[in-house]
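Read off the chains here:
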Amino acid sequence: MTETLSPRPQTDPIATPAETLLAWYDRNRRRLPWRAEPGRRADPYHVFLSEIMLQQTTVKAVGPYFSAFLTRWPTVADLAAAPLDQVLSAWAGLGYYARARNLHACAKAVVARHGGRFPADEAALRDLPGIGPYTSAAIAAIAFDIPASPVDGNIERVVSRLHAIATPLPKAKTEIRQRAAALTPRLRAGDFAQAMMDLGATICTPRSPVCGLCPLDAGCTARALGTPSLYPVKTPKTAKPARTGIAFLAVRADGAVLLRTRPDTGLLAGMTEVPSTPWSRAEEVPASPAAHAPLPATWRALPGQVLHVFTHFALDLAVWRAELPAQTAAPTGHFWVRPADFGTQALPSVMRKVLVHGGIQAAITTSRAR
DNA sequence: GATACGTGGAA
DNA sequence: TTTCCAAGTAT
């Protein structure tokens, strides 16, 4: 009688994979800043903020940014009321800056459409800016315990190994989503999703998975085949093209540096940058780069260059520096910023590298660096 | 469906 | 040094 009311032990031969995994999760869950205490539901705003930050980004990198954002904007209404440029400067260094713009737009939409409370509905979440199929399912499951089935890179890997799916990604996504949904329990769907992610992050890792510690190892086809690290199969990636350019570092006698704002679409949209030539393929370098300088000056090429790898190309930037008198006015579209005020700017990592290369210290202050 | 979109750490 | 990758989304 009573034993039918107790959770099945992990060794129960008729336990489902979800039951086995949840039992493992109850003993091995990671403690993360955005997670609630065991048995409690996390704040939807915390789940939202962490999920956006964690897109294609490591837990380690997100940590300080999550804390900084939560301190500065404790509620979604606070975030919605913030100026976009403050959100961008707080995000600087974390990458994929469209996320920050969408984060802000989403906060405003939650206030406008939903009275400042995240909807407990996967489809309504999916309609918000920056929230796609993964994030809507993750928030629904984790914040509201709705039996949704988020599929991130971890879960793709775990599921593709459990079933030894030979179809390469991204073609296999449909099958993986179906398999993941079939595993998802009606109860504790949020814990199940986080358990799958924890398993993928700590046991079922991309390289050298620790199958000997895996709670699902008895039911894993890839493990049975002896080749877990072969999954998921992926289509080969194309090589990154190289681009090159020259950054113009104008330094005023009072120490201020000449900067400008990038266009609000495309790469590093709306972020602050050191003015430069266009970034082009090596064979298309402008004949007279000085024509692209923001103002007339005695430009001197600094030794070395700044190398930075974006998602889809590698950038090799030379830095030319010029010293200007203290009263020099900023050309149209440009502005002077003292290093002490860099913290107010949305300076992406590549531009901090340019500033450091050009001998401007104080350029290394981001949430990441702190 | 393919491509654009950052960054820094690990092997 | 090079490659891969980390809780994806928008177009």
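Rules and cut-offs
- Residues numbered from 1 in each chain as written.
- Chains lettered and ligands numbered in written order.
- Predicted model: local features only at pLDDT ≥ 70, side-chain atom pairs only at ≥ 80, totals over all residues.
- Heavy atoms only, no water.
- UniProt positions renumbered as here; feature names shortened; annotations may be inferred.
- Near = heavy atom within 4 Å.
- Polar contact = N/O pair within 3.5 Å; in protein donor to acceptor, adjacent residues only side chain to side chain.
- Helix = DSSP H or I, 4+ residues; strand = E, 2+ residues; numbered from the N terminus.
- Nonpolar A, V, L, I, M, F, W, Y, C, P; charged D, E, K, R; others polar.
- 1 Å grid on protein atoms, 1.4 Å probe; cavity = no way out; pocket = protein on both sides within 12 Å on 5 of 7 lines; lining within 4 Å.
- Points joined across faces, edges and corners; volume = space filled by probe spheres on them.

An unreviewed UniProt entry annotates chain A as Adenine DNA glycosylase originating from Aquabacter spiritensis. Quoted verbatim from the Catalytic activity (unreviewed entry) field of UniProt, the annotation for chain A is "Hydrolyzes free adenine bases from 7,8-dihydro-8-oxoguanine:adenine mismatched double-stranded DNA, leaving an apurinic site."

Caption draft 1: Main features of the protein's contact with DNA strand C. Of all residues adjacent to DNA strand C, which total 26 residues, the nearest are Glu 51, Gly 130, Asp 152, Asn 154 and Pro 206. Counting only the atoms of DNA strand C within 4 Å of the protein, the fraction contributed by sugar and phosphate is 67%. Arg 30 is positioned with one of its side-chain polar atoms (N or O) 3.2 Å from a base nitrogen of DNA strand C. One of the backbone nitrogen or oxygen atoms of Gln 56 is found 2.8 Å away from a phosphate oxygen of DNA strand C. Of all the secondary structure elements, the ones that give two or more residues to the surface near DNA strand C are helix 9 (133–144) and helix 10 (153–162). Residues of the surface near DNA strand C, tallied by class, amount to 10 nonpolar, 8 polar and 8 charged.

Caption draft 2: Looking closely at the UniProt feature "domain: HhH-GPD" (unreviewed entry) in chain A. The positions UniProt marks with the feature "domain: HhH-GPD" (unreviewed entry) are residues 53–202. End C-alpha to end C-alpha, residues 53–202 measures 20 Å, and it is 65% helix and 0% strand.

Caption draft 3: The arrangement of empty space enclosed by the protein in detail. Tallied over the entire structure, the rule returns 2 cavities of 30 Å³ or more. What the largest cavity holds in volume is close to 100 Å³. Looking at the largest cavity, the residues that line it are Val 158, Arg 161, Leu 162, Ile 203, Cys 204, Pro 209, Cys 211, Cys 214, Asp 217, Cys 220, Arg 223 and Pro 228. Take the lining of the largest cavity: its biggest share by element is 3 residues, from helix 10. Classifying every residue of the lining of the largest cavity gives 9 nonpolar, no polar and 3 charged. Estimates place the volume of the second largest cavity at around 50 Å³. Lining the second largest cavity are Ala 148, Ser 149, Pro 150, Ile 155, Ala 180, Thr 184, Ala 189, Phe 192, Ala 193 and Met 196. Here the lining of the second largest cavity gets 4 residues from one element, more than from any other, and that element is helix 12 (residues 189–202).

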